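# Structural overview for review
Each chain, written out:
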Amino acid sequence: MRSHMNSSTAKILDGKALAARMREEIRLEADQLASKHGRKPGLAVIIVGNDPASHVYVKNKKIGCEKAGIHSFSHELSADTSQQHLLGLITELNNDPKVDGILVQLPVPDHINSEVILEAIDPGKDVDGFHPYNVGRLASRKPALRSCTPYGCMKLLEETGIDLHGKECVIVGASNIVGRPMALELLLVGATVTVTHRFSKNLRSHIERAEIIIAAAGKQGLIQGEWIKPGAIVVDVGIHRREDGSLTGDVEFEEASKNAGWITPVPGGVGPMTITMLLANTVQAFKTHVGD
Ligand SMILES: NC(=O)C1=CN([C@@H]2O[C@H](COP(=O)(O)OP(=O)(O)OC[C@H]3O[C@@H](n4cnc5c(N)ncnc54)[C@H](OP(=O)(O)O)[C@@H]3O)[C@@H](O)[C@H]2O)C=CC1
Ligand SMILES: Nc1nc(=O)c2c([nH]1)NC[C@@H]1CN(c3ccc(C(=O)N[C@@H](CCC(=O)O)C(=O)O)cc3)C=[N+]21
Ligand SMILES: [Mg+2]
């Protein structure tokens, strides 16, 4: 029950519900494509090593695929797999006509150069959208395969029905997989974009004037609730596990909810959308491959 003492309480941007609706549509399209072309869209997932959290994510991706009518090919490699061996597998998958998408779960062990690996994936099968070709396409306003987390965040922002033109957006974090492509997505729709990172001064002052906040620093509770401008949209990408096993994000959720107009929960916000966009990208790649 929400307290009637609050001046306002944010509406929840429900990623789990949006993901469920979108996965229904993806399944319908995947089934139609499978009967038309005689095979399902296929996603190859490669995991190197035995990080338990990574295995949980990969399992969720496989379940997501099967439910969406996408075939998943799983490659579980030991932690001491050589870079050369991994590159060999990627070449095989690049040439496999049953495989439409290839995902190498990050992080990879230290002896493997992730840049070399990501650049070895056929850009047409790069359903993570991490290859410099796909990043460059987004940067030059001709998106091809788009990074799943920023793409999912855009779908969540669209759900609010708010016109994004000229909106003051502040992204916290500048990683290759979240912050940077997020800035490109927001630019594409005509928003005004600030990207803060480790060297940025006075994070609070940036947050205080933001109409849209994308929190992706990977620092639990970094964004304090009282910094949020009344009515702002808060999208929390961060995921942290508390001592008790529960999940939380980069934003102080309870406090932020008193000021925000909209806010994503953790869990049930960005995470389910990331996997949904992976499925959507796999279907998109399939269509390109079969010429549909
Ligand atoms: N929900 C989902 O689907 C996903 C969630 N995540 C989660 O999102 C978070 C971020 O992930 P990822 O991008 O991979 O993480 P990284 O650690 O690769 O990047 C974090 C970024 O935040 C910046 N940063 C660190 N501290 C601050 C600070 N105090 N103020 C501003 N910026 C700061 C870093 O700066 P610098 O560049 O200078 O190091 C870096 O650019 C993690 O919690 C991760 O678990 C990630 C992917 C998907
Ligand atoms: N090549 C590659 N691509 C990725 O997209 C990628 C990656 N490597 N490495 C790790 C990060 C992290 N990531 C998440 C995806 C879904 C949830 C997700 O579904 N989260 C649920 C909770 C899941 C749980 O209960 O643990 C939620 O937020 O509701 C979280 C995190 C993808 N990543
Ligand atoms: Mg406080």
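Note on numbering: residues in each chain are counted from 1, in written sequence order. Numbering of ligands from 1 and lettering of chains from A proceed in the order in which they are written. Given that this is a predicted model, residues contribute local features only at a pLDDT of at least 70 and side-chain atom pairs are listed and counted only at 80 or more, while totals for whole chains, interfaces and linings are drawn from all residues. With hydrogens and water stripped out, all remaining heavy atoms of the structure feed into the side-chain values.

## Overview of the overall build of the protein chain
A run of H or I in DSSP counts as a helix once it spans at least four residues, and a run of E counts as a strand once it spans at least two, with each numbered from the N terminus. For the protein chain, the helix and strand inventory stands at ten helices and eleven strands. Relative to a compact globule of 292 residues, whose C-alpha radius of gyration would be 19 Å, the protein chain shows 19 Å and is just as compact. Looking at the protein chain as a whole, 47% of its 292 residues are labelled buried. Note on contacts: a residue pair is in contact if any heavy atoms of the two residues lie within 4.5 Å. Across the protein chain, every contact between residues at least 6 apart in sequence was considered, and the portion connecting residues at least 24 apart equals 71%. Accessible surface for the protein chain amounts to roughly 14,200 Å². Of this, 52% is attributable to carbon and sulfur atoms. The charge count treats Lys and Arg as positive and Asp and Glu as negative. His and the chain ends do not count. Every charge is mapped to an atom, namely NZ of Lys, CZ of Arg, CG of Asp or CD of Glu. For the protein chain, the separation between the mean place of its 32 positive charges and that of its 34 negative charges on side chains is 3 Å. For a compact globule the rule gives 2.2 Å times the number of residues to the power 0.38, and the radius of gyration it is set against comes from C-alpha atoms. Each residue is assigned to one of three classes by its accessible area relative to the maximum for its type, calculated with a 1.4 Å probe on protein chains only: buried under 20%, partly exposed between the two thresholds, exposed over 50%. Using a 1.4 Å probe, the Shrake-Rupley method yields the accessible areas, and only the shown protein chains count as cover for residues.

## Details of helix α6 (residues 148-159)
End to end, α6 covers 17 Å across twelve residues, agreeing with the expected 16 Å (1.5 Å per residue, within 8%). The buried fraction of α6 amounts to nine of the twelve residues, a majority that puts the element mostly inside the structure. Among the residues making up α6, those that are buried are Cys148, Thr149, Pro150, Tyr151, Gly152, Cys153, Met154, Leu156 and Leu157. On its buried face, α6 is in contact with α1 (15-37), α7 (179-188), β7 (212-215), β8 (233-236) and α10 (270-290). Looking one or two places after α6, you find Gly161, whose phi comes out positive at around 75 degrees. For a helix, the expected span equals 1.5 Å multiplied by the number of residues minus one.

## A word on the sheet that holds strand β3 (residues 71-77)
The three strands lie next to each other as β3-β2-β4, forming an open sheet whose pairing is parallel. In this open sheet, the two edge strands, each paired with only one partner strand, are β3 and β4 (101-104). Each adjacent strand pair in this sheet contributes to an overall mean axis angle of 15 degrees, direction not counted. Relative to β3, strand β2 (residues 42-48) is paired through seven bridges, and the arrangement is parallel. In the sheet register, Val45 faces β3, and the bridge partner there is Ser74. A pair of strands is labelled paired if DSSP reports no fewer than 2 bridges between them. Axis definition: a line fit to C-alpha positions, over the contact stretch in the case of helices; interaxial angles, taken between N-to-C directions, run 0 to 180 degrees.

## With respect to the domain arrangement of the protein chain
Either an automatic procedure or a domain database provided the assignment from which the domain bounds are taken. Taken as a whole, the protein chain is organised into domain 1 (39-123) and domain 2 (147-271). Centre-to-centre separation of domain 1 and domain 2, based on C-alpha positions: 28 Å.

## Digging into the site of ligand 1
Near ligand 1, the surroundings consist of 22 residues, among which Ala174, Ser175, Arg198, Lys219 and Thr274 are the closest. Any pair of N or O atoms that falls within 3.5 Å is considered a polar contact. Within protein, one atom must be able to donate a hydrogen and the other to accept it, and sequence-neighbouring residues count only if both atoms are side-chain atoms. Lys219 places a polar side-chain atom, nitrogen or oxygen, 2.9 Å from a nitrogen atom of ligand 1. In isolation ligand 1 offers 930 Å² of accessible surface; the protein chains occlude 72% of this area. In terms of residue count, the dominant contributor to the shell around ligand 1 is α10 (three residues). When residues are grouped by polarity, Ala, Val, Leu, Ile, Met, Phe, Trp, Tyr, Cys and Pro land in nonpolar, Asp, Glu, Lys and Arg in charged, and all others, Gly among them, in polar. Looking at side-chain class alone, the shell around ligand 1 contains ten nonpolar, ten polar and two charged residues. A molecule or strand has a residue near it when one of that residue's heavy atoms lies within 4 Å.

## Section: unusual backbone geometry
With an omega dihedral of 0 degrees, the bond running from Leu106 to Pro107 counts as a cis peptide bond. With respect to the helices and strands, Pro107 occurs in the loop between β4 and α4 (114-120). Here the amide bond leading from Val266 into Pro267 is cis, since omega sits at 0 degrees, within 30 degrees of zero. Relative to the assigned elements, Pro267 resides in the loop between β11 (262-263) and α10. The phi dihedral of Arg141 falls on the positive side, at around 65 degrees, and the residue is not glycine. Along the chain, Arg141 turns up in the loop between α5 (132-139) and α6. Its relative accessible area of 69% is what places Arg141 among the exposed residues.

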